[in-house]
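Survey of secondary and tertiary structure
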Amino acid sequence: MTRRLTVAQALVTFLAHQYTERDGRRQRLIDACWGIFGHGNVAGIGQALLESEGALPYLQGRNEQAMVHAAVGFARQRDRLAAHAVTTSIGPGATNLVTGAALATINRLPVLLLPGDTFATRPADPVLQQLEHPGAGDISVNDCLRPVSRYFDRITRPEALIPAALTAMRVLTDPAETGAVTLALPQDVQAEAYDWPEEFFADRVWHVRRPAPDPAATADAAAAVRAARRPLIVAGGGVHHSEAEDALRALVEATGIPVASTQAGKGSLRHDHPADVGGIGHTGTAVAAELASAADVVIGVGTRYSDFTTASATLFAPGVRFVNLNITSFDAHKLAALPLVADARAGLRALTEALAGYRVPASYESEYAAGKAAWETEVERAYAVADPGALPGQAQVLGALDAVVGEEDVIINAAGSLPGDLHKLWRARSRRQYHLEYGYSCMGYEIPAAIGVRLAAPDRPVWALVGDGTYLMMPTELVTAVQEGIAIKVVLIQNHGYASIGGLSEAVGGERFGTAYRYRAPDGTYSGDPLPVDLAANAASLGMDVLRARTAGELRTVLAEARAADRPTCVYVETETADSVSGAPPAQAWWDVPVAETATRPAAVHARRDYERHAAARRRYLGT
């Protein structure tokens with residue numbers, strides 16, 4: 001039996017019949033398709049989505065990159081078991097996908113990209129928006145997506161869709177391989193009819209595996225931990241993706257090993273669990289940094305050890321041994337570790353069993369308990385409001401939000417100075433409350449991701465935290481939230497510039513050059529008065545309900561009102577200027593940003609001296 005459909009109609013029908021299953025729970029794999037239509041997809045995928053009569057729901061976006069961000073937020077909230085597709089026209093619509101695709105792949109999150117492509121049959125050459133490459137006739141702008149996709153294929157004949165679509169689903173559902181998957185679709189092929197085997201459209205369930213670790217590797221890892229007196233667990237995003245929080249808690253309660261978390265792993269333990277010592281690395285807590293610097297064994301669970309986590313290879317002591325539990329062999333072998341290549345939940349359970357009877361010394365537990373208590377005092381100090389009638393600092397904004405949210409709320413951020421403050425200060429109350437995209441740290445992620453998270457979890461209050469720099473990058477999806485009635489909450493912090501990069505610039509001798517949103521001064525620098533930009537009015541013009549908090553004292557009341565709102569709502573708050581924005585404790589560990597080796601300006605000369613002092617502490621971790 002066959003069914004005659006266009007390639008686009010066949011693909012949409014196929015996607016509507018794909019499912020995932022893990023631990024006996026089945027759900028649709030491709031839950032919806034975002035799209036902006038142009039000549040490269042309007043008569044293909046666009047017509048097919050209309051023809052499907054809602055079998056694959058359609059979501060209208062305003063910016064192609066933002067649509068990918070929304071899809072990524074959705075997939076993360078659904079533990080990578082469900083995803084969205086994104087379709088675009090050829091040309092700029094397709095190239096706008098590249099940043100989102102890189103973000104998805106770096107963070108190991110699934111998204112299916114369906115960009116239109118130039119004609120396979122080449123009836124006219126070039127067509128509108130076609131890139132001409134003198135040395136290769138088969139290159140199009142979609143080839144930009146190859147290095148940022150986990151799988152890429154161009155469907156130049158109808159029958160090629162069958163193996164390509166099946167491979168695409170395999171990669172999307174493989175926890176070790178997942179990321180952005182791209183099927184480039186020439187616009188003539190999209191509209192071409194073919195007789196498809198009915199089996200192609202049958203319900204297909206992709207079983208998401210939980211591979212257990214090799215018994216010998218588990219024994220080696222357990223032996224290394226048993227020999228340790230100061231072990232430390234570094235919890236990464238893989239703990240959340242595997243739903244391994246209970247297994248992690250069982251291990252630490254049996255052994256007393258403390259847990260520090262990466263940006264992606266924060267919330268693996270509740271903030272008030274005795275073994276949770278907060279964030280680790282450049283943006284982490286003092287207690288985590290102290291434990292890391294003296295640890296004899298570090299157990300990484302679902303982390304890829306970014307430079308922020310390792311403080312650019314200066315955080316951990318010489319001679320430390322790493323044990324890495326990770327679903328990917330690539331990450332499990334980093335830092336010359338003893339690798340446990342396995343699902344995080346399965347691996348933690350196996351390690352707990354192998355460590356039966358082991359517990360860290362009581363003096364070690366007392367040490368990190370004291371450090372945890374001391375850091376909590378720092379959090380309270382940063383959150384405290386000295387003058388309710390003054391502008392709040394950024395840390396005080398977080399303190400007010402901390403007082404308003406519940407366990408079910410989701411806090412989303414990605415870039416600027418907020419990630420550092422959140423990693424140090426935020427009290428994560430549940431496994432999915434803390435949603436930081438820090439693999440790519442992409443400005444503009446927060447608002448569309450909040451839409452994706454809310455679509456994945458419609459009963460949870462979802463907050464997008466953005467500074468003015470990030471907001472101005474990509475506020476467009478506020479219109480989508482208003483159109484669809486997606487009641488996200490946006491906290492828009494106006495501090496008149498790029499606060500994070502301004503601080504970094506000052507630290508490396510750049511003197512905050514080009515980081516403030518101000519008029520030009522007579523000397524040519526941007527050091528005049530702040531720009532008279534009313535971002536609250538901008539948000540209102542896009543359809544948002546806007547609440548203004550004019551003082552630190554008003555902030556908590558306004559945030560509570562926003563939390564209760566059933567419409568998309570923006571809380572606008574002006575904070576201290578960009579050169580005094582945070583109020584949080586300073587960095588507890590180094591981050592390697594090279595400084596000019598030769599310079600005449602004193603700030604850069606002094607910064608280079610500091611850089612050379614810190615860089616001397618970098619080391620290679622080569623095992624024993």
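Located above this text is the structure these notes cover.
**Focus on the overall build of the protein chain**
- A count of helical and extended segments in the protein chain gives 24 helices and 23 strands.
- In summary, the protein chain has a C-alpha radius of gyration of 25 Å against a globular reference of 25 Å for 624 residues, a match within 12%.
- Projected onto the principal axes, the alpha-carbon positions of the protein chain cover approximately 70 × 70 × 55 Å.
- Of all 624 residues assigned to the protein chain, the portion counted as buried reaches 58%.
- The contacts in the protein chain between residues at least 6 apart in sequence include a share of 76% that link residues at least 24 apart.
- Accessible surface, the protein chain: about 23800 Å² in total, of which carbon and sulfur atoms supply 53%.
- Of the side chains in the protein chain, 57 bear a positive and 69 a negative charge, and the two mean positions are spaced by 4 Å.

**Some points on the sheet that holds strand β13 (residues 259–261)**
- What the six strands build is an open sheet, ordered β14-β13-β12-β15-β16-β17; its pairing is parallel. Of all strands in the sheet, those bounded by a partner on one side alone are β14 (276–279) and β17 (338–341). Between one strand and the next, the sheet's axes are offset by a mean angle of 20°, whatever the strand orientation.
- Here strand β15 (residues 297–301) runs beside strand β16 (residues 321–326); their pairing, made up of five bridges, is parallel.

**A few points about the pattern of salt bridges**
- Evaluated as defined, the whole model comprises 39 salt bridges.
- Note that Asp 343 is salt-bridged to Arg 210, the shortest N-O span being 3.0 Å. You can see Asp 343 sitting in the loop between β17 and α14 (344–354) and its partner Arg 210 sitting in the loop between β11 (204–207) and α8 (215–226), a full 133 residues away along the chain.
- In this structure, a network of salt bridges that share partners links the residues Arg 22, Asp 23, Arg 25, Arg 210, Glu 243, Asp 343 and Arg 345.

Calculation criteria
- Residues numbered from 1 in each chain as written.
- Predicted model: local features only at pLDDT ≥ 70, side-chain atom pairs only at ≥ 80, totals over all residues.
- Heavy atoms only, no water.
- Helix = DSSP H or I, 4+ residues; strand = E, 2+ residues; numbered from the N terminus.
- Rg over C-alpha atoms; globule rule 2.2 N^0.38 Å.
- Buried < 20%, exposed > 50% of the residue type's maximum accessible area, 1.4 Å probe, protein only.
- Contact = heavy atoms within 4.5 Å.
- Areas by Shrake-Rupley, 256 points an atom, 1.4 Å probe, with all protein chains shown as cover.
- Lys, Arg positive; Asp, Glu negative; His and termini not counted.
- Charge placed at Lys NZ, Arg CZ, Asp CG, Glu CD.
- Pairing = 2+ DSSP bridges.
- Axes fitted to C-alpha atoms, helices over the stretch in contact; angles between N-to-C directions.
- Salt bridge = Lys/Arg side-chain N within 4 Å of Asp/Glu carboxyl O.

By themselves these figures say nothing about function.
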